[in-house]
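Each chain, letter by letter, is given below.
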Amino acid sequence: MRPLDGVLVVSLEQAVAVPYATRLLADLGARVVKVERPDGGDFARHYDTSCGSVSSYFAWTNVGKESLTLDLKHPAGRRVLDELVATADVVLCNLSPDAARRLGVDASSLRQVKPDLVIGELSGYGEPGPYAARKAFDALVQSEAGLVELTGDGEVTARAGISVADIAAGVQLQSAVLAALLHRSRTGEGATLRLSLFEAMAEWMHQPMLYAAGTGRAAPRTGAHHPSIAPYGPFPCADGTVHLAVQNDPQWRRLCGVLGRPELADDPRFTTVSSRVDHRTVLHAELDYRAWTAADLLDALDAADVPAARTRGVAELADHPQLVARDRRTAVPVPDGEVTALRPPVDSSAWDWEPAAVPALGEHTDHVLHGLGYSAEQVAALRAQSAV
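Here we summarise the structure given alongside this text. Computed from a prediction, not measured in an experiment: that's the story for all the values here.

**What to know about the sheet that holds strand β8 (residues 191–196)**
Pairing in this open sheet of 6 strands is parallel, and the strands run β3-β2-β1-β4-β5-β8 from one edge to the other. Single-partner strands in this sheet number two, and they are β3 (66–69) and β8. If you compare each strand with its neighbour and ignore which way they point, the axes differ by 20 degrees on average. Both strand β2 (residues 31–36) and β3 contribute to a ladder of 4 bridges, which runs parallel.

What follows is the structure in structure tokens.
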């Protein structure tokens, strides 16, 4: 038995943040009914077609869900939603606040259907405030929160290579839902959870914000090298790149020993972390590994207890030797295909996880409606009205 077996989550979701939160809940056993528009569904389905006929984003964030298509503007479609919500434990939504109110799926409206619901609302910037009505997407939020300023090299800035704002919001929303379910089990009370994409990203930006406030300047952009620790970053080898992470003076001395240059450890330019940062360009010139293969260098660094890793391409990740050795890969059915995905990163001695499929658009509409008591004739009538 999984911890959320028997918990029904109804999600009015699209894109990444809330779908990621509900995927995490599905991993824990929740039944997640994803409500989608009949005319195309979640627009993230169509970002690319790298996973069967759906996008990589969609395949990642929608494992194990049921897809129900409803036209929420149609009275019969809205009636179906109310009947479904009346049976739910959790309802999550990342429509804009104005759109949610117009459709009557905001927290105050939903609580009239079922008072003890756990309701989660994700918005772009939150209400009130001057940004309340502004569109918010991951890269825009990275920019507003200062992450883009920190990411890049020299004068060149860059967005992070993954949707970190969406992931931050999804993880924090899932955690809050679990806490709210625990609260309800103890008190019988529901809860309304409100989270903004911007504030979720701002939480993850706390450390650089505090650094800038304390020093009067943002940490410099240093590419893949650490802005305030050295040597900490990628260095080329004969056949690839090794990423060093030398965080203290004993590690630095051991690195000098691997190089066969013990005198570098006592060079006054390099005796402390801060002095190595101040003389980063000269330091990097001294650290020449181009005669080493990456494998040989990593073996030597491991033997000397110097933290390091190989810089690999993302296309290699699924076949990473550690993931292969630990049997972390699994086959997941997707619409019109199958993909090799990864198991959830947390293993539990108390419950198991089994891979489930990514749903086709509306694949479970009949199943959900029959579960609500609709006959085949009634389902056909709803479909004829374009309500589902």
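**Looking at a negative patch on the surface**
A contiguous patch of negative charge, built from D239, D296, D299 and D302, is present on the exposed surface. With respect to the helices and strands, D296 occurs in helix α14 (residues 294–303). Since its relative accessible area comes to 45%, D296 is described here as partly exposed.

**Details of a nonpolar patch on the surface**
On the surface, F43, Y47, F137 and L140 cluster together into a nonpolar patch covering about 390 Å² of accessible area. Inspection of the secondary structure assignment puts F137 in the loop between β5 (118–123) and α6 (138–144).

**A few points about the sheet that holds strand β9 (residues 232–236)**
The 3 strands are arranged β9-β10-β11 in an open sheet whose pairing can be described as antiparallel. In this open sheet, the two edge strands, each paired with only one partner strand, are β9 and β11 (308–310). Averaged over all adjacent pairs, the angle separating strand axes in this sheet is 25 degrees, with direction ignored. By the bridge criterion, 5 bridges tie β9 to strand β10 (residues 241–245) in an arrangement that is antiparallel. Bridging across to β10, Y232 finds its partner in A245. Lying over the sheet, α14 contacts β10 and β11, oriented at roughly 160 degrees with respect to β11.

**Side note on unusual backbone geometry**
Geometrically, the link from E127 to P128 is a cis peptide bond, its omega value of -5 degrees lying close to zero. Relative to the assigned elements, P128 resides in the loop between β5 and α6. Of note, the amide linkage connecting A230 to P231 takes the cis form, showing an omega dihedral of -5 degrees. As for its placement among the helices and strands, P231 is situated in the loop between α10 (206–215) and β9. The backbone phi angle of D305 is positive, close to 60 degrees, even though this residue is not glycine. Here D305 lies in the loop between α14 and β11. Its identity as a non-glycine residue notwithstanding, S386 has a phi of 60 degrees, on the positive side.

**A short note on the packing of helix α8 (residues 164–187) against helix α9 (residues 197–204)**
Direction vectors running N to C along α8 and α9 enclose 95 degrees, while the axes themselves pass 8 Å from each other. As the angle between them shows, α8 and α9 are arranged roughly perpendicular. The segment α8 lies against α9, with V164, A165, D166, I167, A168, A169 and Q172 engaging L197, A200, M201, E203 and W204. Classifying every residue of the contact of α8 with α9 gives 9 nonpolar, 1 polar and 2 charged.

**Section: the packing of helix α1 (residues 17–27) against α8**
Where α1 contacts α8, the axes come no closer than 7 Å and their chain directions differ by 45 degrees. Comparing their axes, α8 and α1 come out oblique. For the pair α1 and α8, the sense of crossing is right-handed. From α1, A17, V18, Y20, A21, L24 and L25 reach across to α8, where they touch D166, I167, A169, G170, V171, L173, Q174, V177 and L178. Residues that form the contact of α1 with α8 fall into these classes: 12 nonpolar, 2 polar and 1 charged.

What counts and what doesn't
Residues numbered from 1 in each chain as written. Predicted model: local features only at pLDDT ≥ 70, side-chain atom pairs only at ≥ 80, totals over all residues. Heavy atoms only, no water. Pairing = 2+ DSSP bridges. Helix = DSSP H or I, 4+ residues; strand = E, 2+ residues; numbered from the N terminus. Axes fitted to C-alpha atoms, helices over the stretch in contact; angles between N-to-C directions. Patch = residues over 30% accessible without salt bridge, like charges linked within 9 Å, V, L, I, M, F, W, Y side chains within 5 Å. Areas by Shrake-Rupley, 256 points an atom, 1.4 Å probe, with all protein chains shown as cover. Salt bridge = Lys/Arg side-chain N within 4 Å of Asp/Glu carboxyl O. Lys, Arg positive; Asp, Glu negative; His and termini not counted. Charge placed at Lys NZ, Arg CZ, Asp CG, Glu CD. Buried < 20%, exposed > 50% of the residue type's maximum accessible area, 1.4 Å probe, protein only. Contact = heavy atoms within 4.5 Å. Parallel < 35°, antiparallel > 145°, perpendicular 65-115°, else oblique. Nonpolar A, V, L, I, M, F, W, Y, C, P; charged D, E, K, R; others polar. Left-handed = near helix turned anticlockwise from the far one by under 90°.

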